[in-house]
Protein chains: 2
Amino acid sequence: MPVYTAPVRDMQFLIHDVLQTQNYSNLPGFADATPDVIDAFLEESAKFHQNVVHPLNVVGDKEGCIRNDDGSVKTPTGFKDAYNQFCENGFGNISMDPEYGGQGLPLYLAIAVTEMTSSCNQAFGMYPGLSAGAWRAIHAAGSDEQKQTYLPKMTSGEWTGTMNLTEPQCGTDLGLIRSKAEPQSDGTYKISGQKIWISAGEHDMADNIIHLVLARIEGAPEGIKGISLFIVPKFILDADGNPGERNAVSCGGLEEKMGIHGNATCVMNYDGATGYLIGEEHKGMRAMFIMMNEARLGVGLQGYAASEIAYQNALAFAKDRLQSRSVTGVKAPDKPADPIIVHPDVRRMLLDTKAFNEGARAFVYWAALQEELSHKAPDEKDRQKADDYMALLTPVIKAYLTHKGYQGTNDALQVFGGSGFCEEWGMSQFVRDCRISLIYEGTNGIQALDLVGRKLMAEGGRYWQTYFAEIDQYIEDNKNVEGLELYLEGLKKVKGQTMEATQWMGANAMANFDNAGAASHDYLQLFGLTALSYVWCMMAKTALEKKSDSDPFYENKLITGKYFVERILPEADTHLTKLKTGGDTMMSLPAEAF
Amino acid sequence: MPVYTAPVRDMQFLIHDVLQTQNYSNLPGFADATPDVIDAFLEESAKFHQNVVHPLNVVGDKEGCIRNDDGSVKTPTGFKDAYNQFCENGFGNISMDPEYGGQGLPLYLAIAVTEMTSSCNQAFGMYPGLSAGAWRAIHAAGSDEQKQTYLPKMTSGEWTGTMNLTEPQCGTDLGLIRSKAEPQSDGTYKISGQKIWISAGEHDMADNIIHLVLARIEGAPEGIKGISLFIVPKFILDADGNPGERNAVSCGGLEEKMGIHGNATCVMNYDGATGYLIGEEHKGMRAMFIMMNEARLGVGLQGYAASEIAYQNALAFAKDRLQSRSVTGVKAPDKPADPIIVHPDVRRMLLDTKAFNEGARAFVYWAALQEELSHKAPDEKDRQKADDYMALLTPVIKAYLTHKGYQGTNDALQVFGGSGFCEEWGMSQFVRDCRISLIYEGTNGIQALDLVGRKLMAEGGRYWQTYFAEIDQYIEDNKNVEGLELYLEGLKKVKGQTMEATQWMGANAMANFDNAGAASHDYLQLFGLTALSYVWCMMAKTALEKKSDSDPFYENKLITGKYFVERILPEADTHLTKLKTGGDTMMSLPAEAF
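Residues numbered from 1 in each chain as written. Chains lettered and ligands numbered in written order. Predicted model: local features only at pLDDT ≥ 70, side-chain atom pairs only at ≥ 80, totals over all residues. Heavy atoms only, no water.

1. Remarks on the overall build of chain A
Short version of the rule: Secondary structure follows DSSP: runs of H or I at least 4 residues long count as helices, runs of E at least 2 residues long count as strands, and numbering of each begins at the N terminus. For the radius of gyration, the atoms used are the C-alpha atoms, and the globule rule reads 2.2 Å times the number of residues raised to 0.38. Burial status follows relative accessibility: with a 1.4 Å probe on protein chains alone, a residue under 20% of its type maximum counts as buried, one over 50% as exposed, and anything between as partly exposed. Note on definitions: a residue-residue contact is assigned when non-hydrogen atoms from the two residues lie within 4.5 Å. Methods summary: accessible areas were calculated by the Shrake-Rupley approach with a probe of 1.4 Å, and residue burial reflects only the protein chains presented. Here the positive residues are Lys and Arg and the negative ones are Asp and Glu; neither His nor the chain ends is included. Charge placement uses NZ in Lys and CZ in Arg. For Asp and Glu, CG and CD serve respectively.
Per the secondary structure count, chain A includes 19 helices and 11 strands. In terms of overall size, chain A behaves like a compact globule, its C-alpha atoms giving a radius of gyration of 24 Å where 594 residues would be expected to give roughly 25 Å. Across the 594 residues that make up chain A, the buried fraction comes to 64%. Partitioning the contacts of chain A with sequence separation of at least 6, the portion at a separation of at least 24 is 73%. With the model as given, the accessible surface of chain A reaches about 20400 Å², and the carbon-plus-sulfur share is 50%. In chain A, 53 positive and 77 negative side-chain charges are present, and the distance between their average locations comes to 4 Å.

This is the structure in structure tokens:
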């Protein structure tokens, strides 16, 4: 069975030392998150995930979910029990609003726990994950009554939630939604239509499932401006607020998928189900986007979380597997061959993955802090800046971290050679599970369009200008830090390349919008490299400060960061060159000539 | 169900127009391969593969192979019948020696047919594919009697063959083989041991299976120099040469794999089985390498063959799926949205894949011609040159084409969005099947080491010097061809970068062998880019010559080639930069610090 050890040390390094979150005790909830509390939480979570959630990963893959003839869905053996323990331990509501029973602790702690869940059982993690998304949408856009009605049980985990967007004829283009909502005299709506790919749409782990459904009220404007959002509970609540009558919503089938077999991906049929409007009519997309932005942070996390566990297993294999001798002389003379970690090309695959994973983790935890600042910073200007960063970087987190995370997961499989292809070693599952993260919550191509089409232009370019200015300032402030030169030079170069790309976009995308689309993927990759380079500088600086002879952690961190600069940052060169070729060639080929 | 149309036009373009194979009619067998014969063959093969082999791909994935309690293996429904038709149609012995019943036609024709088989059913194609490998080893190293005994039935396909190398403790490092061969008084050997991952090791499609087995004769020298090769038939032949007594070899189990479920990947147990020595004692690796080199050509082909069918399906989807409007204005006003092929980022994924596939096909067909020249060219110097090229480029074909083919297959899946992740659309199978090609017949890392460790140094660097000189000459000869400038400039640049990398290797790899290993992956990628750039120049030149207003094929080829220069060649920049950072950083991290 695959191994997993939660990277608690690295999490502590980021939370305590790099981000120095103790400096934010003025933010609501942060004072409670003392280093001791955080460490205890991480240790507890590590134990639980390693011992309870991780062993169910293979079970989920093999058993999958089963839909019974009555439309009910059985989750894999052990999932329900593990989910109950997960909720009892408070792992599902760490940063949720205390007003509804949440713990109100900082998001980066919740994110650290979510990373563990996602690494050791992505399919399992999606049940509370989707639920948290639905929670946020109701929290952000629901009425007080709706919040009081639904949030406490969703916070405790007794009820879960789902997001119902996709229909057979529309995924990316939600303006094409056909599901209907008919207003009733009592203020409710009758919802009809079919939704597909609804993760955790039906299961046996909770007493109720709160579906959030996008539908079109009769007579609504065409397209995206005529979409409304509804709460459609599986069981309509009785007068006491308990699950009562079964609503007219049912699971019509489960998808057979490449991976995440342990999660029920449902076709959901709405046959005049009772729904309750969230917010205003025709303004459903707004609340949906609140949910989606945090979900995209979670999906980006899934990318490196998969890469993390895949890496851990590849590393264990590389230390254990004896094959051939080192080209620079025998390293394990008492053995019939050397462990394959002596071979440079094996190290290349391991370090490509390690340097990415650690950078990605830092980037996501940094983003989780920004997300908190965007809501809770006392100063309006600080809130605005953090909000700008999140708007700008959410598509980068989602797409860059899943794109590279999938590469890392594949590289880790490659370290296993033929064993990587055999299901018994578990590497295949990591790759198969990880593959979806490049697609759901908006394909990576859509993220890239969001970045170049919306985020770059927004507020006259303020988002990226502020972010780049912060990086410039950081480079200036730290230019005399001994030992940091290499990392800063890397950052300066890649930031310059991304700046050059941004200027190219300004000059060419307006002239022909197809140039923006043609450049979007490479542009997002450049942005991802810049973001990781920035956090690698932060990590290197901290490591330089804390370096000691007695603890090799910091020296090793510096080596990994150096590897990032030498071996990952040069990818920027190619992205910049490709991007600047524009869209003319690709648009000149007639569709029938492909 | 996925679609597949054999790319006959592109195959004809390469065979007739680009490689101008009609000019080689002085080679044995080539005179019979007139353009008419080739075209008829390709058309027949296309029909057969589209109608018979392709529909079984999904069947093979879903059913897999089943091992019965008696150790026999049932292949998926329809495989046996399709295999019989495949053999009857003569698709398995196109380029085999007529002395043993083969058709003696040129290898590029066999390769074109193999591409079709591999595209539409990789798991099925491995049965005749492995058989052809075993055939070649016997043909190259067996005694006349062995050839007369085994080759005719293997040529007809009545018997199949396998290659037994891997054991639990050794894959890459065959020096660790433990399987034993005990000499018997009658000149035969008793073979004992366990082999794993034996493709097509046991099945129900043929009357006999001729296993080629690497084993160690008692008292043999340690390591790779003590390995011998044996023929171990499943049924020992009776006095008439027909399958008689069952030999002591059996399938102990089937691997559960990520993909190629239709192929039986067997644990093979040898319990004192009767074996016949091929060639000399302890010289087994030599014959095995003959087999492996051609097998590696076949695996490289699998890489782009998977990418080809994945591309075809992504293209069909991109033309059909309506989602969002083009950013430069509505393209399909009569429809609720535009087909997604209007979006530049979708075109990017399609063209990345298309430009690679067409370049890869040209490279492999060119190599198949070189392989023929290496055996059949009248002039010794021409034979030597072609042989040098095959030695040099075999690892590039294997590793570069599978590495990029897997990317292409994944990009094609990505075009499908969520549907790509659902098994019913078939894209998942293409990715899962393709994954193994980066691993078997020597992992891609081993190919890279073969290139930098053996092939570069061989004969004082003659292989690469001759190849680069040919490219220089080509550039010089064609410098005045109007319209070819862009393609030649691309070639000149990437060849220069690969040359620079070669010089770096010369200066640094000798000083520290770890530098060679650290650079090997990026070096091989550079080589692959150069090789594809070269064949893209050839294709562009031909397209310029044949361009006409009435047939857009050539103009479209030029656009795709331009895309290759603009959007794929820039990858060389990053590979060169990475490579030149050497191995110091990656080797400086202690194993326990990973």
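2. Comments concerning the relation of the copies chain B and chain A
Inclusion rule: For the least-squares superposition of copies, only C-alpha atoms count, and only for residues with pLDDT at least 70 in both.
Expressed as a screw operation, the relation of chain B to chain A combines 0.0 Å of axial shift with a rotation of 180 degrees, fitting to an RMSD of 0.0 Å. With respect to symmetry, the two chain copies, as superposed, fit the operation of a two-fold axis. No C-alpha of chain B approaches the rotation axis more nearly than that of Thr574 of chain B, which lies at 3.0 Å. A high fraction, 100%, of the interface residues of chain B reappear at the interface in chain A, so the copies pair face to face through one surface.

3. Some remarks on the confidence of the model for chain A
What counts, and what does not: Here pLDDT means the predictor's own confidence in every residue, given as a number from 0 to 100.
Across chain A, the average pLDDT comes to 97, with 100% of residues at or above 70. At the level of chain-chain contacts, confidence expressed as ipTM amounts to 0.98, with global pTM at 0.98.

4. Side note on the domain arrangement of chain A
How big an interface is tends to be stated in terms of the accessible area lost upon association of its parts. Our working rule: Note: domain ranges come from an automatic or database domain assignment.
The domain architecture assigned to chain A consists of domain 1 (55-89 + 121-282) and domain 2 (459-586). On a C-alpha basis, the centroid separation for the pair domain 1 of chain A and domain 2 of chain A is 39 Å.

5. Describing the pairing of strand 9 (residues 243-246) of chain B
Residues and elements named next belong to chain B. Selection criterion: DSSP calls a pair of strands paired once it identifies at least 2 bridges connecting them.
Summarising the sheet, strand 8 (residues 235-237) and strand 9 pair through 2 bridges and their orientation is antiparallel. From the neighbouring strand, Leu237 faces strand 9, where its bridge partner is Pro243. The antiparallel hairpin formed by strand 8 and strand 9 contains 5 residues in its connecting segment, where Gly241 sits at a positive phi of about 85 degrees.

6. Side note on a nonpolar patch on the surface
Under the convention used in this document: Think of a patch as exposed residues, more than 30% relative accessible area, with no salt bridge, where like charges cluster within 9 Å and nonpolar side chains (Val, Leu, Ile, Met, Phe, Trp, Tyr) cluster within 5 Å. The working definition used for a salt bridge is a side-chain nitrogen of Lys or Arg within 4 Å of a carboxyl oxygen of Asp or Glu.
A contiguous nonpolar surface patch, about 380 Å² in accessible area, is contributed by Val327 of chain A together with Met457, Met510 and Phe513 of chain B. Residue placement: Val327 of chain A occurs in the loop between helix 8 (284-320) and helix 9 (344-376).

7. What about helix 4 (residues 79-88) of chain A?
All names here are of chain A. In plain terms, the rule: To obtain the arc, one takes the directions from the helix axis to the C-beta atoms.
All of the buried residues along helix 4 are Phe79, Ala82, Tyr83, Phe86 and Cys87. Looking straight down helix 4, one finds its buried side chains confined to an arc of 135 degrees; they lie on one side. The inward-facing, buried residues of helix 4 contact helix 2 (35-53), helix 3 (56-63), helix 5 (107-120), helix 6 (122-141), helix 7 (144-156) and strand 3 (159-164). One or two positions beyond helix 4, positive phi appears at Gly90, with a value near 75 degrees.

8. Focus: the interface of chain B and chain A
Applied cut-off: Accessible area that two parts lose when put together, with a 1.4 Å probe and added across both, is what the buried area reports.
Taken together, the contacts link 91 residues of chain B with 92 residues of chain A. Both faces considered, chain B and chain A share a buried interface measuring about 7900 Å² in area, 59% of it formed by carbon and sulfur atoms. Three residues, Phe421, Arg567 and Phe594 of chain B, lead the burial of chain B against chain A; their summed loss comes to 11% of the area buried on that side. Linking chain B to chain A there are 6 salt bridges.

9. So, the state of the cysteines
Just so we agree on the cut-off: In plain terms, two cysteine sulfur atoms within 2.5 Å form what is called a disulfide here.
Evaluation of the coordinates by the stated rule reveals 0 disulfides over all chains. The cysteine Cys251 of chain A is free of any disulfide, with Cys266 of chain A supplying the nearest cysteine sulfur at 3.9 Å. No disulfide involves Cys87 of chain B; its sulfur sits 15 Å from the nearest other cysteine sulfur, which is in Cys120 of chain B.

10. Some remarks on the packing of aromatic side chains
In this description, an aromatic ring pair is defined by two values, namely the gap between the centres and the angle between the planes. Residue and element names in this part refer to chain B. Note the following rule: Stacked, tilted and edge-to-face are the three classes applied to pairs of Phe, Tyr and Trp rings, where Trp contributes its six-membered ring and a pair requires centres within 6.5 Å; stacked means planes under 30 degrees apart, edge-to-face means over 60, and tilted covers the rest.
Scanning the entire structure with this criterion turns up 58 aromatic pairs over all chains. Consider the rings of Phe30 and Tyr108, whose centres lie 5.6 Å apart with planes at 85 degrees: the pair is edge-to-face. Within this pair, whereas Phe30 is found in the loop between helix 1 (8-18) and helix 2 (35-53), its partner Tyr108 is found in helix 5 (residues 107-120), the two being separated by 78 residues in sequence. The pair formed by Phe30 and Tyr108 is uniform in burial state, with each residue classed as buried. With centroids separated by 5.9 Å and ring planes inclined at 80 degrees, the aromatic side chains of Phe86 and Phe124 adopt a geometry described as edge-to-face.

11. Let's talk about the nonpolar core
Spelled out, the test is: Only buried Ala, Val, Leu, Ile, Met, Phe, Trp, Tyr and Cys residues count toward a nonpolar core, and they belong to the same one when joined by side-chain atoms within 4.5 Å.
Core analysis: the biggest nonpolar cluster contains 415 residues, and Tyr467 of chain A together with Tyr467 of chain B have the highest contact counts within it. Residue contacts for Tyr467 of chain B: discarding those within four places in its chain leaves Trp366, Tyr389, Leu392, Leu393, Phe527, Ala531 and Tyr534 of chain B.

12. Focus on the packing of helix 9 (residues 344-376) of chain B against helix 16 (residues 513-546) of chain B
Residues and elements named next belong to chain B. Selection criterion: Working convention: axes come from line fits to C-alpha atoms, limited for helices to the stretch in contact. Angles between N-to-C directions cover 0 to 180 degrees. Note that the term roughly parallel is reserved for angles under 35 degrees, roughly antiparallel for angles over 145, roughly perpendicular for angles of 65 to 115, and oblique for everything else. For this classification, Asp, Glu, Lys and Arg are treated as charged, while Ala, Val, Leu, Ile, Met, Phe, Trp, Tyr, Cys and Pro are nonpolar and the rest, including Gly, are polar.
Orientation of helix 9 relative to helix 16, taken along the N-to-C sense of each, is 90 degrees, at an axis distance of 9 Å. Of the possible angle classes, the one that applies to helix 9 and helix 16 is roughly perpendicular. Contacts between helix 9 and helix 16 involve Ala355, Phe356, Glu358, Gly359, Ala360, Ala362, Phe363 and Trp366 on the former and, on the latter, Ala531, Leu532, Val535, Trp536, Met538 and Met539. Of the residues assigned to the contact of helix 9 with helix 16, the class counts are 12 nonpolar, 1 polar and 1 charged.

13. Structural notes on the environment of Ile138 of chain B
All names here are of chain B. Along the chain, the position of Ile138 falls in helix 6 (residues 122-141). Since its relative accessible area comes to 0%, Ile138 is described here as buried. Sequence separation of Ile138 and Gly279 is 141 residues, and the distance between their C-alpha atoms is 9.2 Å. With near-sequence residues (within four places) excluded, Ile138 lies in contact with Gln146, Lys147, Tyr150, Leu151, Met154, Ile210, Leu212, Ile231 and Ile278.

14. Things to note about the pattern of salt bridges
All names here are of chain A. What the rule picks out here adds up to 72 salt bridges over all chains. Residues Asp551 and Arg9 are paired through a salt bridge, measuring 2.8 Å at the closest nitrogen-oxygen approach. Here Asp551 is found in the loop between helix 16 (513-546) and helix 17 (553-568), whereas its partner Arg9 is found in helix 1 (residues 8-18), with 542 residues between them in sequence. Of the charged contacts, one joins Glu555 and Lys547 as a salt bridge, the two residues approaching to 3.3 Å between their closest N and O atoms.

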